[in-house]
Each structure stands twice: as structure tokens, then as C-alpha cells.
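Chain by chain, the residues:
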Amino acid sequence: MAEDKTRKYRDDEVATQRNELINSQQSLSLVQKRIFYLAMKQIKKGDKAYKRYYIDIGDIVPGTSQDIFERVADELEELRKKDVKFVEKIKGEDWNSAVNLVAKSSHKEGTGQVYVDLHPDIRDMLLDLKKYFTRVPVVELIACRSIYGQRLYELLYQFADTGVRLMEVEELREKLNLQNKYKNFYDFRKRVLKQAQKDVEAHTNMTFTWDEIKARKGRKIERLLFDIEVSDPTQTELDFDAPKVDMSKHQTLQNHLREICEFSESSVKKVLRHLEESPDDKQVFHQLVHKTELRIKDGENDNAQPLGNVEAWALALFEKTIPNFSQ
């Protein structure tokens with residue numbers, strides 16, 4: 001059994017989903033998959049209901065062309081139509097099931113700013129999970145530049161703790177929605193497996209190889225035995241040259257968020273994005289930063305239990321105090 005080298009990601013860095021969803025048959029585009037994962041990662045442990053999830057396409061799509069934003073409406077329209085297919089047990093029998101992923105989407109025309117509402121039919125696959133689930137690191141998955149790379153990453157990451165996954169070739173074709181494409185295994189190996197391997201190894205914390213197992217009778221490749229290695233790299237910003245939040249504003253607040261609240265860049269951007277819509281909340285943020293600083297000192301002076309995760313505590317305080325900050 002391979003040594004478990006997987007990084008212990010924070011809750012806000014991963015998308016947690018039931019294994020049926022990971023192993024379902026999917027036909028999402030690269031951008032649609034990224035949108036869905038960035039919505040999923042905003043679901044918090046213990047959530048009982050969905051919220052509206054905010055995403056900025058400018059953070060996940062390469063390039064600066066206005067054409068990218070003109071494609072947002074089309075991508076969202078297609079995403080609303082997409083479903084995933086899987087086999088589930090109903091009264092002890094196998095049933096073929098399908099569910100939509102997104103019930104509603106909204107975007108500001110001419111920008112990459114999007115809100116999505118996940119479909120209630122997938123509630124049991126994403127909320128309050130107790131068993132049979134996998135936590136996939138979103139920063140790694142959305143770094144992939146191909147949909148096959150994304151899908152192979154999540155399918156193999158499910159088995160990162162063992163380092164091995166055995167799959168039927170036809171089973172993998174179905175999960176990638178390739179039942180009628182690349183029927184010749186040479187083409188499947190060249191166009192799908194090798195391209196996904198190149199993508200995953202270039203952009204994520206995973207490397208993998210596979211052995212091709214032939215059928216007992218004949219020369220047909222029937223199964224694939226994947227060998228999976230997951231490392232713990234230094235996390236870097238994605239090299240997407242897309243429009244970003246204006247980081248030139250509120251410099252004092254930014255410094256306090258980083259130095260006192262120990263905020264990551266994504267959390268700092270979330271505050272700045274909120275201030276773009278609600279500039280009057282700036283003073284409230286300063287007051288909450290001060291409250292966070294006092295709470296840290298209480299822990300250091302044994303007047304309260306020390307904070308294990310300052311950023312998580314401060315974010316929870318912000319969300320509790322400021323309306324709409326968690327959206």
C-alpha cells in the first residue's frame with residue numbers, strides 16, 4: 001500500500017461530494033466543471049441547505065479577451081441543462097438515475113461575475129455527508145487545462161490513500177462520456193489517457209501511470225491498473241492572466257487582514273469584492289479586525305482558549321456580523 005502523502009487541506013480548499021457523484025457519467029465542459037467545483041467548495045461542513053454561490057469567471061478562465069465574458073451566458077445555459085448519470089440502490093436493486101447539477105444561474109452582463117443555485121436533487125450528494133465521500137482539493141483540479149485531466153484527477157484522487165485504482169476500460173469510457181468516441185484503444189490511449197496524464201502532472205500535485213491488462217482470451221485491453229502518487233507542493237496562484245479584483249484599494253485594511261486575521265489572498269479578495277458592492281461596510285470590517293486582534297490576545301494571555309485557525313474564526317465572525325458577506 002502506498003504511503004499517504006496527501007496534503008491535509010482546509011475545509012475551504014476542498015469540494016466534498018459523495019463517491020457516486022465523482023464516479024458518475026458526466027459531459028461538462030472545462031469551464032462548466034470549474035464553475036461547479038468552485039460552487040461546491042463554498043459548502044461548509046454541517047450545512048443543511050444550499051445558498052447562492054458567487055463565482056468570478058475571471059479567476060478561472062485564461063486570457064483577458066472580452067470574448068471570454070461573452071461566452072459566460074452560453075456556458076451557464078449549457079450547465080443548467082447538464083445532468084450526471086449514475087447507478088443507485090433503491091430497495092436493494094440497481095436503478096439508473098440522473099440528476100441536474102444547477103437549478104438557477106445569474107450573471108452580470110459583460111463581466112465574469114456569476115451566481116449559481118445548485119439543484120436540490122443533488123442535496124444528498126453534497127450536504128451533511130457522513131460516509132462514502134471524497135474531499136477533492138479544488139485548487140489542484142481547476143488548475144487542469146483539459147476536461148479529461150480534471151476527470152482523471154478526481155477519479156484517481158478518490159484512491160490517493162491506497163495509491164492504486166483498477167478500472168474497466170469501458171467503465172472509464174462511460175465516466176468520461178466517451179462510449180462512442182476513440183473506440184480504438186490506441187486512440188483512447190493517445191488522445192485521452194496520455195493527454196490527461198500530461199495535463200495532471202504539469203499542473204497538479206499528482207502523478208500517475210497505468211498498466212494495461214488484456215482480456216484472458218484475445219488481445220483486447222480490458223482493464224487499467226493505475227498507480228497514483230500525490231505530493232504536497234507549495235501552492236501558487238494560478239497563472240491565469242484574467243481580470244482580478246482591484247487590489248490597489250483599501251491597502252490598510254488589506255494589511256490588517258493578512259497580518260492580524262492571517263487571511264489568504266482568496267479571503268482578502270472576498271472582502272474587497274464585498275466592498276465593491278457595499279463600500280459603507282469598510283468601517284465594520286476594521287472593527288471586526290480589531291475584535292479579532294483582541295480575541296487573539298485573550299488566547300495568548302490565557303483568558304480564553306487559543307485560536308487554532310485565526311482565519312476561520314475571523315471569517316465566521318464576518319459572516320455572522322455582515323449581511324450578504326457569505327454569498
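Whatever comes next refers back to the structure up there.
As the structure is a prediction and not an experimental result, all values here were calculated from the model. (Residues numbered from 1 in each chain as written. Predicted model: local features only at pLDDT ≥ 70, side-chain atom pairs only at ≥ 80, totals over all residues. Heavy atoms only, no water.)

Q: Sorry, what's going on with the side chain of Asp 281 here?
A: With respect to the helices, strands and loops of the structure, Asp 281 is situated in the loop between α11 (265–277) and α12 (282–300). With no salt bridge to any partner, buried Asp 281 finds its closest opposite charge in Lys 270, at an N-O distance of 13 Å. Residues in contact with Asp 281, not counting those within four places in the same chain, are His 274, Leu 275 and Ile 322. (Helix = DSSP H or I, 4+ residues; strand = E, 2+ residues; numbered from the N terminus. Buried < 20%, exposed > 50% of the residue type's maximum accessible area, 1.4 Å probe, protein only. Lys, Arg positive; Asp, Glu negative; His and termini not counted. Salt bridge = Lys/Arg side-chain N within 4 Å of Asp/Glu carboxyl O. Contact = heavy atoms within 4.5 Å.)

Q: What am I meant to see in the packing of aromatic side chains here?
A: The description of an aromatic ring pair uses the distance of the two centres, along with the angle that the planes make with each other. Applying the stated criterion to the full structure yields eight aromatic pairs. Here the aromatic rings of Phe 185 and Phe 188 are separated by 6.0 Å at their centres, their planes lie at 45 degrees, and the arrangement is tilted. Here Phe 188 and Phe 185 lie together in helix α9 (residues 185–203), a separation of three residues that amounts to about one turn. Summarising the burial analysis for this pair, Phe 185 and Phe 188 share the class buried. Aromatic side chains Phe 208 and Trp 210 sit 6.2 Å apart centroid to centroid with 35 degrees between the ring planes, which places their arrangement in the tilted category. The class for Phe 208 is buried, based on a relative accessible area of 1%. According to the relative accessible area criterion, Trp 210 is buried, its value standing at 14%. (Phe/Tyr/Trp six-rings, centres within 6.5 Å; stacked < 30°, edge-to-face > 60°.)

Q: What is the right way to read helix α2 (residues 30–40) from this model?
A: An α-helix turns once every 3.6 residues. As a result, residues three or four positions apart point the same way. Burial within α2 is extensive, with ten of its eleven residues counted as buried. Considered for burial, the residues of α2 that qualify are Val 31, Gln 32, Lys 33, Arg 34, Ile 35, Phe 36, Tyr 37, Leu 38, Ala 39 and Met 40.

Q: What is the right way to read the nonpolar core from this model?
A: Taken as a class, soluble globular proteins show a tendency for nonpolar side chains to be buried jointly. Judged by nonpolar contacts, the single largest core of 61 residues is most densely connected at Val 116, Leu 118, Leu 126, Leu 172, Met 206, Leu 224 and Phe 226. Here this core gets seven residues from one element, more than from any other, and that element is α2. Counting 19 residues, the second-largest nonpolar core is a separate cluster that includes Val 245, Ile 260, Val 268 and Phe 318. (Core = buried A, V, L, I, M, F, W, Y, C linked by side-chain atoms within 4.5 Å.)

Q: In this structure, what is going on with the pattern of salt bridges? I would like to understand it.
A: Close approach of charged atoms lets side chains of opposite charge pair. With the rule as written, the count across this model stands at twelve salt bridges. One salt bridge connects Arg 273 with Asp 56, and the closest N-O pair in it is separated by 3.8 Å. Of this pair, Arg 273 sits in helix α11 while Asp 56 sits in strand β2 (residues 53–56), and the two are 217 residues apart along the sequence. For the pair Arg 273 and Asp 56, one class covers both residues: buried. Put simply, Asp 83 and Lys 85 hold a salt bridge, and the shortest N to O gap is 3.3 Å. Taken together, the shared-partner salt bridges connect Lys 33, Arg 151 and Glu 154 into one network.

Q: Whenever I open this one, the sheet that holds strand β8 (residues 164–168) confuses me. Can you help?
A: Sheets are built from strands that pair by backbone hydrogen bonding, the pairs being arranged parallel or antiparallel. The three strands are arranged β8-β10-β9 in an open sheet whose pairing can be described as antiparallel. Each end of this open sheet is capped by a strand with a single partner; those strands are β8 and β9 (206–214). Taken over all neighbouring pairs, the strand axes of this sheet differ in orientation by 20 degrees on average, direction set aside. Two elements, β9 and strand β10 (residues 221–230), share nine bridges in a ladder whose sense is antiparallel. When the bridges of β10 are listed, Lys 214 appears paired with Ile 221. (Pairing = 2+ DSSP bridges. Axes fitted to C-alpha atoms, helices over the stretch in contact; angles between N-to-C directions.)

Q: What exactly am I supposed to notice about the pairing of β8 here?
A: As a general feature of sheets, a regular strand has side chains that alternate between the two faces. Burial along β8 is one-sided: the face carrying Arg 165 and Met 167 is buried and the face carrying Val 164, Leu 166 and Glu 168 is not. Here five bridges tie β8 to β10, and the two strands are oriented antiparallel to one another. Residue pairing for β10: Met 167 is matched across the bridge by Leu 224.

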